[in-house]
Amino acid sequence: MGLPEHWVKLINQCVSTVSYSVLLNGSPTGLIKPERGLRQGDPLSPYIYIIFSEALSSYIDALTRKGFVEGIKNGRFTYKSAYLGLRRLRPSPCSALWKCIWKINVPYRIQVFSWKAARNALPARTVLHTRMPMNYVDCTRCNDPSESIMQALVFCPFASRVWFLSSFCVNTQAFSTKSFMDWMLFWLVNLVYKLPDGDQRLFVAILWSLWQSRNNLVFQNIKENYTDVLMRAITMLLTRKSTLSFVMRDFTNTASFCASIVFQVESVEEAEGRSIWAALQKAVEQKLTHPIIESDAQSLINQFSAGMFDGNSRTDAIFKDIQFFSSKFVACLFVFQPRTCNSVAHELVH
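Quick caveat: nothing in here was measured; it's all calculated off a predicted structure.

Asker: Sorry, what's going on with the overall build of the protein here?
Answerer: Secondary structure summary: the protein contains 15 helices and six strands in total. Expressed as a percentage of the 350 residues in the protein, the buried residues total 34%. Long-range pairs, those at least 24 residues apart, make up 52% of the contacts in the protein with a sequence separation of at least 6. Of the roughly 22,200 Å² of accessible surface on the protein, 56% is carried by carbon and sulfur atoms.

Okay, structure coming up:
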């Protein structure tokens, strides 16, 4: 900042000549001598603030002249512009990876998982140990003394075998000196070895499936084989977007509300279930008392009419919500109607 050396020494004396004591069980104990910082309420504190704010202002002006900071017009400065300026001075080496992860065409849950894994935010045991003491951090599957994210998803013999049996046919020992971030950058960003878009989808899906397999073993003691992991990854990629729609009519058969919604679904049954779920939720919001649900999914209509609301791993929660919503009405009927009698909803889908 260009301040005289004598002035700097005076300030340091103000900081370092004071001492503090701590009340321990009601009695003052010890003397603590600070090396930096001022006591609360020190009259010198506001002047130090002014001096450093002047330095910050000069720094911002320099960034503005060099074109590093945006958002300053007519002398007005925003925190956003300072943040953008500082980010440009220190660009993240992994920004390309974050962009790549969010562009991969996979279900949102796999995108979030991949991002958390790359950020070292998955609850592997060594990660948890840094936040709270654990009695052991070994791998449940192979008893490795240190279960990191890299170990659980790449180096564990089970995971390593999955990668070798996959279409990538990877020898994971080639990455023995690399971090998980290096692993992700190699397959998703590296200009020479970067995977094609389709293979990137399978790559992150296998990572996600390996973590699911690990959790099934840890929490449910379910032991899966290599094929289970690969098939779950492939099945997850079969999840597709489906446009669902419903039309609400009053007792005069006049349409009062219609909607078209996009969901990630795996089956026709799930798509129809989600559509009925959305219609019932809207009926609850509008405080209807006697709704009649008409659908061309005859098997679901028969199931719900019989009071059965059990589903598979993809639909059970949806069906249970339908049961809950239907219990909110004085009466709720499920009626089968051929698609030809529900042409409005069918047209909405398209």
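Asker: Even after reading the chapter, I still don't get the packing of aromatic side chains, so can you show me in this structure?
Answerer: One pass over the structure, following the stated rule, counts 20 aromatic pairs. Between Phe 158 and Tyr 226 the ring centres are 5.1 Å apart and the planes differ by 35°, which places this aromatic pair in the tilted class. Separated by 68 residues along the polypeptide, Phe 158 in helix 8 (residues 157-165) and Tyr 226 in helix 11 (residues 226-237) bring together distant segments of the chain. According to the relative accessible area criterion, Phe 158 is buried, its value standing at 12%. The exposure class assigned to Tyr 226 is partly exposed, which follows from its relative accessible area of 33%. A network of ring pairs unites the aromatic residues Trp 163, Phe 168, Phe 175, Trp 183, Phe 186, Trp 187, Tyr 193 and Phe 203 as a single cluster.

Asker: So what exactly am I meant to see when it comes to the nonpolar core here?
Answerer: Grouped burial of nonpolar side chains is what soluble globular proteins tend to show. Core analysis: the biggest nonpolar cluster contains 49 residues, and Leu 153, Phe 180, Trp 183 and Phe 203 have the highest contact counts within it. Those elements giving two or more residues to this core turn out to be helix 4 (95-103), helix 5 (108-118), helix 7 (149-155), helix 8, helix 9 (180-188), helix 10 (197-220) and helix 11. Looking at which element gives the most residues to this core, the answer is helix 10, with nine residues. Not counting residues up to four positions away in its chain, the partners in contact with Leu 153 are Phe 113, Leu 122, Ala 159, Trp 163, Phe 180, Leu 207, Leu 210 and Trp 211. Ranked by size, the runner-up nonpolar core spans 17 residues in total, among them Met 248, Leu 300, Phe 309 and Ile 318.

Asker: It is not clear to me how a nonpolar patch on the surface should be interpreted in this structure. Could you clarify?
Answerer: Where nonpolar side chains cluster on the molecular surface, the patch consists of Leu 3, Trp 7 and Val 8 and spans about 220 Å² of accessible area. As for its placement among the helices and strands, Trp 7 is situated in helix 1 (residues 5-16). In this structure Trp 7 comes out as partly exposed when scored by relative accessible area, which is 31%.

Asker: I would appreciate a short explanation of empty space enclosed by the protein in the present structure.
Answerer: The method is simple in principle: a probe with the dimensions of a water molecule rolls over the atoms, and the space it marks as empty is what remains. Tallied over the entire structure, the rule returns one cavity of 30 Å³ or more. Here the largest cavity is characterised by a volume of approximately 80 Å³. Elements that contribute at least two residues to the lining of the largest cavity include exactly helix 8 and helix 10. Broken down by class, the residue content of the lining of the largest cavity amounts to seven nonpolar, one polar and three charged.

Asker: Is there a simple way to explain the state of the cysteines in this structure?
Answerer: By definition, a disulfide is the covalent link that joins the sulfur atoms of two cysteine residues. Taken as a whole and judged by the stated rule, the model has zero disulfides. The closest cysteine sulfur to the non-disulfide-bonded Cys 139 is located on Cys 142, 3.6 Å from its own sulfur.

Asker: Is there a simple way to think about the pattern of salt bridges in this case?
Answerer: Under the definition given, this model contains six salt bridges. Two residues, Glu 147 and Arg 214, come together in a salt bridge whose shortest N-O distance is 3.0 Å. Of the two residues, Glu 147 sits in the loop between helix 6 (125-129) and helix 7 while Arg 214 sits in helix 10, which places them 67 residues apart along the sequence. Its salt-bridge partner being Asp 310, residue Lys 320 comes within 2.9 Å of it at the nearest N-O pair. Note that Lys 320 is positioned in helix 14 (residues 316-326) and Asp 310 in the loop between helix 13 (298-305) and helix 14, a separation of ten residues in sequence. One network of salt bridges, in which partners are shared, links Asp 310, Asp 316 and Lys 320.

Asker: Explain the side chain of Arg 125 to me, please; I cannot follow it from the model alone.
Answerer: When you line up the elements, Arg 125 lands in helix 6. Buried within the structure, Arg 125 lacks any salt-bridge partner; its nearest side chain of opposite charge belongs to Asp 138, at an N-O separation of 4.1 Å. Discounting chain neighbours no more than four positions away, the residues touching Arg 125 are Met 134, Tyr 136, Val 137, Asp 138, Cys 139, Thr 140, Glu 147, Arg 214 and Val 218.

The rules behind these values
- Residues numbered from 1 in each chain as written.
- Predicted model: local features only at pLDDT ≥ 70, side-chain atom pairs only at ≥ 80, totals over all residues.
- Heavy atoms only, no water.
- Helix = DSSP H or I, 4+ residues; strand = E, 2+ residues; numbered from the N terminus.
- Buried < 20%, exposed > 50% of the residue type's maximum accessible area, 1.4 Å probe, protein only.
- Contact = heavy atoms within 4.5 Å.
- Areas by Shrake-Rupley, 256 points an atom, 1.4 Å probe, with all protein chains shown as cover.
- Phe/Tyr/Trp six-rings, centres within 6.5 Å; stacked < 30°, edge-to-face > 60°.
- Core = buried A, V, L, I, M, F, W, Y, C linked by side-chain atoms within 4.5 Å.
- Patch = residues over 30% accessible without salt bridge, like charges linked within 9 Å, V, L, I, M, F, W, Y side chains within 5 Å.
- Salt bridge = Lys/Arg side-chain N within 4 Å of Asp/Glu carboxyl O.
- 1 Å grid on protein atoms, 1.4 Å probe; cavity = no way out; pocket = protein on both sides within 12 Å on 5 of 7 lines; lining within 4 Å.
- Points joined across faces, edges and corners; volume = space filled by probe spheres on them.
- Nonpolar A, V, L, I, M, F, W, Y, C, P; charged D, E, K, R; others polar.
- Disulfide = S-S within 2.5 Å.
- Lys, Arg positive; Asp, Glu negative; His and termini not counted.

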